[in-house]
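# Structure assessment
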Amino acid sequence: MPVTDKILEKYDPKVYKNRKEHMTVIDPSESEKPISANTRAIPGIMTHRGCCYAGCKGVVLGPLKDTLVITHGPIGCGFYSWGTRRNKARDPEGSWTQYCFSTDMQESDIVFGGDKKLKTAVAEAMSTFEKKPKSIMICSTCPIGLIGDDIHSIATQIEAEYGIPCMAFSCEGYKGVSQSGGHHIANNQLMRRVIGADATSPAPPKISVNLLGEYNIGGDGWETERILRKCGIEVVSIFTGDGSYENIARSHTATLNLVQCHRSINYIAEMMKTRYGIDWLKVNFIGVASTAESLRCVARYFGDPKLSERVEQVIAEETAAIADDMARFRTVLEGKTAAIYSGGSRSHHYRKLLEELGVKTIMAGYEFAHRDDYEGRKVIPTIKDDADNKNIGSITVEPDPEHFRSFLDADRRRELEAEGVITEDYAGMMPDMTDGLIVDDLNEAEADMIMRTLKPDMFFSGIKDKYIIEKHGIYSKQIHSYDYSGPYAGYAGAYNFGRDLVMGMTIPAWRLVTPKWRTKTVLEGAVCEGGRN
């Protein structure tokens, strides 16, 4: 029986047909198979996806350290109004990411409207702290969209009252099919209101970049920034880990954009290229070889011999510093198998790092991917928008007459395009896998069957299924927040990741624990006289 049939065998025919379209087995002897993605989850299935609000507030806006980001909705939605994703931030005056701001809408507010409560909540936050934010961002949740609070009008009033930028994000959770829609909404508003807002900042050095789609989980952004600056590459802004309104407002002055997480931020990369002429490169700073490849690609773009020489020096120094440890980790991990189910581009990125450590990925998937994240951007023209996707508006940008510029002349551009340095054809995950199972929008029942069927030695995913995995006696690693470890980016990150895997595999605590239900009855019942319990 094919592995997909084993995983799906308990579904009824209708659900089976739907879910089978979200799974494919990589077979090098066959042509590439399409996969269904970015479609509505089947009602009743315990999908691991987040909502549109989670993508907007929880992913893109939440890490901003100088911005008051307030959730307008019931406190139940407040989970993502706090720093749940370990987005680290440095600010000598104190970062706003450590606080939880919510309007705590009650039943009466839902009935009569929450306009006044939103204004009161902002006033309370502004009066509580001596340090004032550089901007205010309002994120709405499902009930707000249903009752019709005009958060954009209120934002205009708040901006006039406090004299700082205030913007609203209509990111109600029901929009789109997952948190991917929230990414798009956040990207659009950042493009409208923040990017390019600072017209007074001096231009940075020519060798300067923005790092897009890096959220500084466990300090990843700091490690990547350290390596780039060690090479002599100035980092103007990070979107949005340890990021700030001020830096993003001047991000249009950078020469090049580097895209780490393709799904969450590719919209901004495309719009900045149209408006400001800034090229973007898809990079991956997870893993030794991938980090080196990305650095060389950046150096090749700028075409500076001194930069290329410095990049090679840094690669040699950083690689040598961890070489012995990586070899030692490989002796322990060689031959192990892994399953990865993450958001963003992490499954694609970490598969390569696992390969360097001798671990074979036998299953990979994404929570909220689109088909191009799996199959590459070449399939974008064939993707049809459905009603859910049309809920997320796109914006049209035009070249900025004052700030549009091109770093490359026509001949140099053609040369780099021929070499594949400049390309918009992000290959996606599937072309890089020689075999294995690909699963989109995995749920708990399917994860359970994958563990029973494929029996991976380790499983990388999020908090929603972490403990289910461990009950199978399989090592589980949170790939969304790193289980209080990290950073995992760059060379130091590769060492940290290998160290954590070795610890997890050599101290298999969960295999030493026998669940109570395997040794004793935990549910008991009896039928009493008269048929009553």
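Here is a short report on the structure shown in this document. Note that the structure is a prediction, hence the values are computed from the model and not measured. (Residues numbered from 1 in each chain as written. Predicted model: local features only at pLDDT ≥ 70, side-chain atom pairs only at ≥ 80, totals over all residues. Heavy atoms only, no water.)

### Focus: the packing of helix α12 (residues 288-302) against helix α13 (residues 305-333)
As a reminder, the rule being used: Only the stretch in contact is used when fitting a helix axis, every axis being a line fitted to C-alpha atoms; angles between N-to-C directions are given from 0 to 180 degrees. Numbered from the N terminus, helices here are DSSP runs of H or I no shorter than four residues, and strands are runs of E no shorter than two. Oblique is the label for every angle not falling under 35 degrees (roughly parallel), over 145 degrees (roughly antiparallel), or within 65 to 115 degrees (roughly perpendicular). By the convention used here, residues are in contact when the closest approach between their heavy atoms is within 4.5 Å. All amino acids are sorted into three groups, where Ala, Val, Leu, Ile, Met, Phe, Trp, Tyr, Cys and Pro are nonpolar, Asp, Glu, Lys and Arg are charged, and the leftover types, Gly among them, are polar.
At a minimum axis separation of 10 Å, α12 and α13 run at an interaxial angle of 175°. With respect to α13, the element α12 is oriented roughly antiparallel. Listed contacts from α13 to Val288, Ala292, Leu295, Arg296, Ala299 and Phe302 of α12 are Leu307, Ser308, Val311, Glu312, Ile315, Thr319, Ile322 and Met326. Partitioned by chemical class, the residues of the contact of α12 with α13 number ten nonpolar, two polar and two charged.

### Topic: the pairing of strand β3 (residues 135-140)
The test is simple: When accessible area is computed with a 1.4 Å probe and restricted to protein chains, residues below 20% of their type maximum are described as buried, those above 50% as exposed, and intermediate ones as partly exposed. The pairing criterion is simple: DSSP has to find at least two bridges between the two strands.
Across the six residues of β3, six count as buried, placing the element largely inside the fold. Residue alternation in β3 divides its side chains into two sets, Ser135, Met137 and Cys139 and Ile136, Ile138 and Ser140, and both sets are buried. Across six bridges, strand β2 (residues 67-72) lies against β3 in parallel orientation. Bridge pairing in β3 links His72 to Ser140. With four bridges connecting them, β3 and strand β4 (residues 166-169) associate as parallel partners. Looking at β4, one finds that Met137 is bridged to Met167.

### As for α12
Here is the rule: For a helix, the expected span equals 1.5 Å multiplied by the number of residues minus one.
In a regular helix each residue adds 1.5 Å, so 15 residues correspond to 21 Å; α12 covers 22 Å between its end C-alpha atoms and thus fits that length. Along α12, the positions that sit buried rather than exposed are Val288, Ser290, Thr291, Ala292, Ser294, Leu295, Cys297, Val298, Ala299, Tyr301 and Phe302. One or two positions beyond α12, positive phi appears at Gly303, with a value near 65°.

### Some points on the pattern of salt bridges
For clarity, the cut-off: We define a salt bridge as a side-chain nitrogen of Lys or Arg found within 4 Å of a carboxyl oxygen belonging to Asp or Glu.
Throughout the structure, instances matching the rule amount to 36 salt bridges. Across the salt bridge formed by Lys20 and Asp5, the nearest N and O atoms sit 3.3 Å from each other. Taken together, the residues span a long stretch of sequence, with Lys20 in helix α2 (residues 13-20) and Asp5 in helix α1 (residues 3-8) at a distance of 15 residues. Between Lys273 and Asp279 there is a salt bridge; the shortest N-O distance is 3.9 Å. Taking the relative accessible area as the measure of exposure, Asp279 reaches 1% and is therefore buried. Shared partners join several salt bridges into a network, and the residues in it are Glu223, Arg226, Lys230, Glu317 and Glu318.

### Some points on empty space enclosed by the protein
Put simply, the test is: A cavity here means a set of 1 Å grid points, computed over protein atoms only, where a 1.4 Å probe fits but cannot escape. A pocket is an open set with protein on both sides within 12 Å along at least 5 of 7 lines, and lining residues have an atom within 4 Å of a point. Grid points are joined across faces, edges and corners, and a volume is the space filled by probe spheres set on the points.
All told, the structure shown has one cavity of 30 Å³ or more when counted by the stated rule. When its volume is computed, the largest cavity comes out at roughly 50 Å³.

### Overview of the packing of aromatic side chains
For any pair of aromatic rings, the description rests on two quantities: the centre-to-centre distance and the angle between the ring planes. As a reminder of what qualifies: Working definition: a ring pair exists when centres of Phe, Tyr or Trp rings (six-membered ring for Trp) sit within 6.5 Å. Plane angles under 30 degrees give stacked, over 60 give edge-to-face, the rest tilted. Placement of a charge over a ring requires the Lys NZ or Arg CZ to be within 6 Å of the ring centre, with the centre-to-atom vector within 35 degrees of the ring normal.
Taken as a whole, this structure holds 14 aromatic pairs when the rule is applied. Ring centres of Tyr99 and Phe129 lie 4.7 Å apart, and the angle between their planes is 55°; on these two criteria the pair is classed as tilted. Here Phe129 lies in the loop between α5 (115-128) and β3 and Tyr99 lies in the loop between β2 and α4 (107-112), a separation of 30 residues in the sequence. A cation over a ring is seen here: Arg90 above Trp222, with NZ or CZ 3.7 Å from the ring centre.

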